[in-house]
Amino acid sequence: SGRDMDKLVPLNLPPGMRNTGTVYQSKGRWYTGNFVRFFQDTIQPIGGWVARSHTGAAITGTPRALIGYLVNGTATWVLGTTSGLFSVTAMTATGGTVTDITPAGFSDQSARIWQFDVLGDYLIAVDQYPTGGPMYYWDGNVANDAVVIVNGPAAGFGSTAARASSLVVTPERFLVMLGGIRPGTTTVPPAVAVASDRMVAWATQEAGLVEADWIAATTNSAGDFMLTTAGRLKCGKRSRGGTLLFTTTDLWNMTWIGGDFVYRFDQVGDKCGIISSNAAIINDTAAFWMGTDGFYMYDGFVKPIPCDVYDYVFGSINRTYESLVWVIENAIYGEVTWFYPHAAQTECTRYVTYNFRENHWVTGTLGRVCGYGFPPRAGLQTLPVMVTSGRTFYNHETGSGRASEGTPSLESGPVEIGDGDRWMSLQRVIPDDDTVGDVNLTIFTAPDPDTAETSNGPYTLTAHTTIRLMARQIRVKLTEAVAAAWRVGTIRLGLRESSRR
């Protein structure tokens, strides 16, 4: 019979997606998909998400940044939106209490971007609208609002045009201003020695909440330095070897040396500028960031990360709103995920994930505008949390529900017999599922790459699924049929060669 004559060919495609160039150039690879990951030689859905139900103050504005940390042992989040700051405390697995801690005098600004860091129990924040803004601190007490750092660098010490572009707290517990006005200066910008997008200024160690902490003197450890770079400072991140400073063109390492100079500054990479102030993340392996023209990592040396989905990402990103790009890590799976706006979208609507342990990429569509991957481990706060533009908080990587935001699927590039010069007859499919029936299969057939495909199925897979199709090339698509923690290994196709015609 035909079944006796077919040959079982494993659909043994390597992990990750390739979506650069034409569909045919993705031959023998997975091409596109949504809500899936490759992990330890299996295909599986990403974890689901469940909405959190918060009480207390109403959150206003569009969320732009989220941080989680412990305040005197209490798990706390702070959300920055286009209209203010909001804390979330008294948290349970699915809820919490919101308090408005917005500084006085705030008004909604659609272009506002926030940067956060923590100095002890103090939250430090900078309002980057429109090209920089004041620096604030919050003492963690929900009875108090965040307040401007008194006469701090962004207040300008008498200047009328002061700003801070970003901030970072170093491993040595120095609060650092990135971009802005030299502390203690009364001269009005734009004097080169006074104000610059390249100015790095740090307050006295373990201080920085009042003016005197920032003015360099023989009796303190405050200081400043002007980077010799063509770029603009965007953000800073603590690392094991110092503090990395990201600009729009290069990367610098800020290293503590003590003495009168306190810090030294070394350019460690060039032509690797970051795309936004929230697009970099550091873990125990390396620093990873999205640049304006690619992805990069730093592990002692700056390296471009070859990206198999380059066209998919950079061919569709909305450059007008690239400042909204943000990143989150999922340490369990070794993944770093960037969310970005695409096409005409004005908020982040797509994601691209790099698995740095297994070195592959996946993409998908999901509207999330900020999040935090390492919530404080107090009580039940252990899941990644992400927020929509509509201010809904979701616990991620839990269960299999996805709030009607899409269905996990995975689509391959072309699969051919030999050199693609023969027709083939597909006789059957032998699935390799953890539970048969959790995933459906659609098969696209075509005589050659430039001919319209025919969609066949979807087929409900059984232990031996009988199929009768003819083509020179096929593509397959897996679609979740049952919302569960399914797993797919190596599918085998029962193929039989036909004529060359």
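Residues numbered from 1 in each chain as written. Predicted model: local features only at pLDDT ≥ 70, side-chain atom pairs only at ≥ 80, totals over all residues. Heavy atoms only, no water.

1. Focus: the overall build of the protein
Item 1. Across its full length, the protein holds two helices and 41 strands.
Item 2. Over its C-alpha atoms the protein spans a radius of gyration of 26 Å, differing by no more than 12% from the 23 Å that the globule rule assigns to 501 residues.
Item 3. The C-alpha extent of the protein, read off along each of the three principal axes, is 90 × 45 × 35 Å.
Item 4. Within the protein, the proportion of its 501 residues that are buried is 56%.
Item 5. Within the protein, residue pairs in contact and separated by at least 24 positions form 58% of the contacts whose partners lie at least 6 positions apart.
Item 6. Carbon and sulfur atoms provide 50% of the accessible area of the protein, an area that totals close to 20300 Å².
Item 7. If you average the places of the 39 positive and of the 45 negative side-chain charges in the protein, the two averages end up 7 Å apart. (Helix = DSSP H or I, 4+ residues; strand = E, 2+ residues; numbered from the N terminus. Rg over C-alpha atoms; globule rule 2.2 N^0.38 Å. Buried < 20%, exposed > 50% of the residue type's maximum accessible area, 1.4 Å probe, protein only. Contact = heavy atoms within 4.5 Å. Areas by Shrake-Rupley, 256 points an atom, 1.4 Å probe, with all protein chains shown as cover. Lys, Arg positive; Asp, Glu negative; His and termini not counted. Charge placed at Lys NZ, Arg CZ, Asp CG, Glu CD.)

2. With respect to the confidence of the model for the protein
Item 1. Across the protein, the average pLDDT comes to 89, with 90% of residues at 70 or higher.
Item 2. Throughout residues 154-162 the model reports pLDDT below 50, and contacts reaching past four residues in sequence, or to other chains, amount to 27 contacts. (pLDDT = per-residue confidence, 0-100.)

3. So, the pairing of strand 19 (residues 233-239)
Item 1. The buried fraction of strand 19 amounts to five of the seven residues, a majority that puts the element mostly inside the structure.
Item 2. Where strand 19 and strand 20 (residues 242-247) come together, six bridges link them in antiparallel fashion. By the bridge assignment for strand 20, Lys 237 is matched with Leu 244.
Item 3. The turn joining strand 19 and strand 20, which pair antiparallel and follow one another in sequence, is formed by two residues. (Pairing = 2+ DSSP bridges.)

4. Looking at the sheet that holds strand 31 (residues 370-372)
Adjacent strands of a sheet form backbone hydrogen bonds with each other and so pair up, either parallel or antiparallel.
Item 1. The sheet built from four strands is open, its strands ordered 5-33-32-31 with antiparallel pairing. Only two strands of the sheet have a single partner each, and these edge strands are strand 5 (49-51) and strand 31. Geometrically, the sheet is characterised by an average inter-axis angle of 25° between neighbouring strands, direction not taken into account.
Item 2. In terms of strand pairing, strand 32 (residues 385-387) meets strand 33 (residues 393-396) through three bridges, oriented antiparallel. Paired with Val 385 across the strands is Asn 395, a residue of strand 33. (Axes fitted to C-alpha atoms, helices over the stretch in contact; angles between N-to-C directions.)

5. With respect to the nonpolar core
Item 1. Within the largest apolar cluster, 63 residues are counted, with the highest numbers of intra-cluster contacts made by Phe 288, Trp 289, Met 290, Phe 295 and Trp 338.
Item 2. Sequence-distant contacts of Phe 295, defined by excluding residues within four places in its chain, comprise Trp 289, Met 290, Lys 303, Pro 304, Ile 305, Cys 307, Val 313, Phe 314, Trp 338, Val 352 and Trp 361. (Core = buried A, V, L, I, M, F, W, Y, C linked by side-chain atoms within 4.5 Å.)

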